[in-house]
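Residue strings, one per chain:
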Amino acid sequence: MSDPYQQQPGGYGQPDPYGAGQPPQPGYGYPAPATPPPPAGYPTAPQPSPYAAPAPGYGAPAVQPSNGMGTAGLVLGIIGVVCGVIVVLWPLGMLLGILAIIFGAVGRSKAVRGEATNKGAATAGLVTGIIATVLIPGILLLVAVSAAGMASGL
């Protein structure tokens, strides 16, 4: 079986109106282009000479700030405070508070040296770590002592 879409030799005796396979004819009044037109798409940048000096302003890439320690201190401090408020989880709150103090202090020192940009978050992590480690267990201890004193009738 033959393909019905394939053009038969001779093509019904009519020339192709688009001139397929023939070079384009120059328009009226314009000379024919000497070089073929550039391919479609984005133009390419000119290639620098291999002997030219490097372009100014292109040094090493900028160093990204390392904000992970301060952020970790803040997150651990907040979770430590929440765990400290929940009386059953106060030992976990104290542990997370200690970690928040460590990460907050390291993050704050990085921010002071200019290696990080989140000095406020690191300071907040340090403060919430202190609250979770010292203040909340102290309050829980006072509540426990006062409850024991009231139970004994003192």
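Residues numbered from 1 in each chain as written. Predicted model: local features only at pLDDT ≥ 70, side-chain atom pairs only at ≥ 80, totals over all residues. Heavy atoms only, no water.

1. What about the overall build of the protein chain?
Scanning the protein chain for helices and strands turns up three helices and zero strands. When each of the 154 residues of the protein chain is scored for burial, the buried share is 18%. Contacts spanning at least 24 positions in sequence make up 70% of the contacts within the protein chain whose residues lie at least 6 apart. As displayed, the protein chain offers around 12,400 Å² of accessible surface, 70% of which is attributable to carbon and sulfur atoms. (Helix = DSSP H or I, 4+ residues; strand = E, 2+ residues; numbered from the N terminus. Buried < 20%, exposed > 50% of the residue type's maximum accessible area, 1.4 Å probe, protein only. Contact = heavy atoms within 4.5 Å. Areas by Shrake-Rupley, 256 points an atom, 1.4 Å probe, with all protein chains shown as cover.)

2. Notes on the UniProt feature "transmembrane region" (unreviewed entry) in the protein chain
Mapped onto the present numbering, the UniProt feature "transmembrane region" (unreviewed entry) falls on residues 74-103 and 124-151. Measuring from the first to the last C-alpha atom of residues 74-103 gives 8 Å, for a span that is 87% helix and 0% strand. Helix makes up 100% of residues 124-151 and strand 0%, with an end-to-end C-alpha separation of 39 Å. (UniProt positions renumbered as here; feature names shortened; annotations may be inferred.)

3. Structural notes on the pattern of salt bridges
Here the structure, examined in full by the defined rule, presents one salt bridge. When the shortest N-O distance is used, the salt bridge between R113 and E115 registers 3.3 Å. (Salt bridge = Lys/Arg side-chain N within 4 Å of Asp/Glu carboxyl O.)

4. Considering helix α2 (residues 90-113)
The end-to-end C-alpha distance of α2 is 34 Å, a good match for the 34 Å that 24 residues give at a rise of 1.5 Å each. All of the buried residues in α2 are G93, L96, G97, A100, G104, G107, K110 and A111. Looking at the buried positions of α2, the neighbouring elements they touch are α1 (68-85) and α3 (119-152). Looking one or two residues beyond α2, the residue adopting positive phi is G114, at roughly 90°. (Expected span 1.5 Å × (residues − 1).)

5. Thoughts on the side chain of N118
The topology assignment puts N118 in the loop between α2 and α3. Within the local environment of N118, its side chain forms a polar contact with the backbone oxygen of N67, the two atoms lying 3.1 Å apart. The residues touching N118, leaving out its near neighbours within four places in the chain, are N67, G70 and T71. (Polar contact = N/O pair within 3.5 Å; in protein donor to acceptor, adjacent residues only side chain to side chain.)

6. Concerning a nonpolar patch on the surface
There is a patch of nonpolar side chains on the surface, built from I78, V82, I86, V88, L89, L92, L95, I98, L99, I102 and V106 and spanning about 900 Å² of accessible area. Secondary structure elements with two or more residues in the nonpolar patch: α1 and α2. Looking at the nonpolar patch, the element that brings in the most residues is α2, giving six residues. Tracing the backbone shows I86 in the loop between α1 and α2. (Patch = residues over 30% accessible without salt bridge, like charges linked within 9 Å, V, L, I, M, F, W, Y side chains within 5 Å.)

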